[in-house]
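Here is how the chains run, residue by residue.
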Amino acid sequence: MKLRLTKLVIFLAALIPLARLGWRALHYGLGANPIEVITHSTGDWTLILILTTLSITPLRRITRQYWLIGVRRMIGLFAFFYGTLHFLTYIWLDKFFDVHEMMKDIAKRRFITVGFSAFVLLIPLALTSTAWSIRRLGGKNWQRLHRLIYLTGILAVVHYTWLVKADLRKPIEYGVVLGILLLYRVGVWFSEKASEKSKPPAIPTPARNPL
Ligand code: HEM
């Protein structure tokens, strides 16, 4: 019951950035460059939600709030949702569905190349986010596939770093958060390896006395 309520609150909260954009557009307009406002807002929220998804595991372990795993999928799917809006803004409002122009841009502008790669990597993760997919792929394979989120996070921060012209403060802030989240994983990996090594060898089953 508590989890369902939390999920509802997170669902509504995740819609706030979109509702805010809609409200601003209807009541005040989006300024001189509405495409830029929509691109920046959707891009920011995609990145924030990717980082939030990545922070669930450490948060869950550190605080021992194990129920948090129950909201990870929804937050990840919202990252994909805002990523799709971000990409749609680009191909629809910026490139007017001119696929040729878009392909040229993806090949030529490096920040578009990495942004596009980050978005493409989110697609298999969104498609396999169901319990059915976990059963089909098997837990281990599913986990391996979903490690792509680390690469997506790195590409997304590189995308942001390469697109800004002067003020690198925001991409650096996002980069630091991502760095901490990735280092945490590396730390856990090393400590698990170390504890595996220090485990005493299993007591061998005594051979049956042949006599
Ligand atoms: C996971 C995927 C992506 C993430 C996390 C992401 C994130 C971002 C962020 C954070 C910004 C800057 C927002 C700001 O200045 O406040 C941005 C801008 C932008 N992104 Fe993305 N992006 C992604 C994918 C894409 C894709 C697929 C495209 C197009 C193919 C794209 C095109 C752009 C453009 C054109 C801008 C604005 C550049 C400018 O203002 O000069 N992004 N993105």
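Treat the numbers as computed from the prediction; the structure is a model and nothing was measured.

Another point: the layout of surface pockets. Considered as a void within the structure, the largest pocket measures approximately 1,200 Å³ in volume. What lines the largest pocket is a set of 35 residues, among which Thr57, Arg72, Trp142, Gln143 and Tyr150 lie closest to the centre. Listed by contribution, the elements that provide at least two residues to the lining of the largest pocket are helix H2 (34-63), helix H3 (69-94), helix H5 (110-127), helix H7 (139-146), helix H8 (148-163) and helix H9 (169-198). Considering each element in turn, the lining of the largest pocket owes the most residues, 9 residues, to H3. The class makeup of the residues in the lining of the largest pocket is 17 nonpolar, 7 polar and 11 charged. Lining the second largest pocket are 34 residues, and of these Thr39, His86, Phe111, His159 and Leu163 lie nearest its centre. Classifying every residue of the lining of the second largest pocket by side-chain character gives 17 nonpolar, 9 polar and 8 charged.

This part covers the site of the ligand. The environment of the ligand is made up of 23 residues, and the closest members are His40, Asp44, His86, Gly115 and His159. Here an oxygen atom of the ligand sits 2.9 Å away from a polar atom, N or O, in the side chain of Asp44. His159 is positioned such that a nitrogen or oxygen atom in its side chain is 2.9 Å from a nitrogen atom of the ligand. Assessed atom by atom at 2 Å from the grid points, the ligand resides in the second largest pocket. Mapped onto the shell around the ligand, the elements with two or more residues apiece are H2, H3, H5 and H8. When its residues are assigned to classes, the shell around the ligand shows 13 nonpolar, 7 polar and 3 charged.

Moving on to the side chain of Thr46. If you trace the backbone, Thr46 turns up in helix H2. A polar side-chain atom of Thr46 sits 3.4 Å from the main-chain carbonyl oxygen of Tyr82. Excluding residues within four positions of it along the chain, Thr46 makes contact with Ala79, Tyr82, Gly83, His86 and Leu122.

Moving on to the packing of H5 against H8. The description of two helices packed together rests on the angle between their axes and the distance between the axes. Interaxial distance between H5 and H8 falls to 8 Å at its minimum, and their mutual angle equals 155°. In terms of orientation, H5 and H8 fall into the roughly antiparallel class. In this structure, H5 meets H8 at a crossing whose hand is left-handed. Residues Arg110, Phe111, Ile112, Val114, Gly115, Ser117, Ala118, Leu121, Leu122, Pro124 and Leu125 of H5 lie in contact with H8, whose contacting residues are Leu148, Ile149, Leu151, Thr152, Leu155, Ala156, Val158, His159, Trp162 and Leu163. Looking at side-chain class alone, the contact of H5 with H8 contains 16 nonpolar, 4 polar and 1 charged residues.

A separate point is a nonpolar patch on the surface. A surface patch of nonpolar side chains, about 480 Å² in accessible area, is lined by Leu5, Leu8, Val9, Phe11 and Leu12. Structurally, Leu8 can be placed in helix H1 (residues 2-27).

Distances from the iron atom of the ligand to its protein donors, His86 (NE2) and His159 (NE2), fall within 2.0 to 2.1 Å. Metal-centred angles of 88 to 179° between the 6 donor atoms at the iron atom of the ligand mark the site as octahedral. Within this pair, whereas His86 is found in helix H3, its partner His159 is found in helix H8, the two being separated by 73 residues in sequence. A residue is classified by how much of its surface remains accessible, and His159, at 16% relative accessible area, is buried.

Glancing now at the pattern of salt bridges. Enumeration over the complete set of coordinates arrives at 5 salt bridges. Across the pair Asp105 and Lys95 runs a salt bridge whose closest N-O atoms are separated by 3.5 Å. Taken as a pair, Asp105 in helix H4 (residues 99-108) and Lys95 in the loop between H3 and H4 lie far apart in primary sequence, 10 residues in all. Exposure class is identical for Asp105 and Lys95. Each is buried. Ionic pairing is found between Arg109 and Asp105, a salt bridge with its closest N-O pair at 2.8 Å. We classify Arg109 as partly exposed; its relative accessible area is 37%. Each member of the salt-bridge network shares a partner with another, and the members are Lys95, Asp105 and Arg109.

Reading the values: rules and limits
Residues numbered from 1 in each chain as written. Predicted model: local features only at pLDDT ≥ 70, side-chain atom pairs only at ≥ 80, totals over all residues. Heavy atoms only, no water. 1 Å grid on protein atoms, 1.4 Å probe; cavity = no way out; pocket = protein on both sides within 12 Å on 5 of 7 lines; lining within 4 Å. Points joined across faces, edges and corners; volume = space filled by probe spheres on them. Helix = DSSP H or I, 4+ residues; strand = E, 2+ residues; numbered from the N terminus. Nonpolar A, V, L, I, M, F, W, Y, C, P; charged D, E, K, R; others polar. Near = heavy atom within 4 Å. Polar contact = N/O pair within 3.5 Å; in protein donor to acceptor, adjacent residues only side chain to side chain. Sits in = over half its atoms within 2 Å of the grid points. Contact = heavy atoms within 4.5 Å. Axes fitted to C-alpha atoms, helices over the stretch in contact; angles between N-to-C directions. Parallel < 35°, antiparallel > 145°, perpendicular 65-115°, else oblique. Left-handed = near helix turned anticlockwise from the far one by under 90°. Patch = residues over 30% accessible without salt bridge, like charges linked within 9 Å, V, L, I, M, F, W, Y side chains within 5 Å. Areas by Shrake-Rupley, 256 points an atom, 1.4 Å probe, with all protein chains shown as cover. Salt bridge = Lys/Arg side-chain N within 4 Å of Asp/Glu carboxyl O. Donors = N, O, S within 2.8 Å, 3.2 Å for Na, K, Ca; no water. Tetrahedral: all angles 85-135°; square planar, octahedral: opposite > 155°, others 65-115°. Buried < 20%, exposed > 50% of the residue type's maximum accessible area, 1.4 Å probe, protein only.

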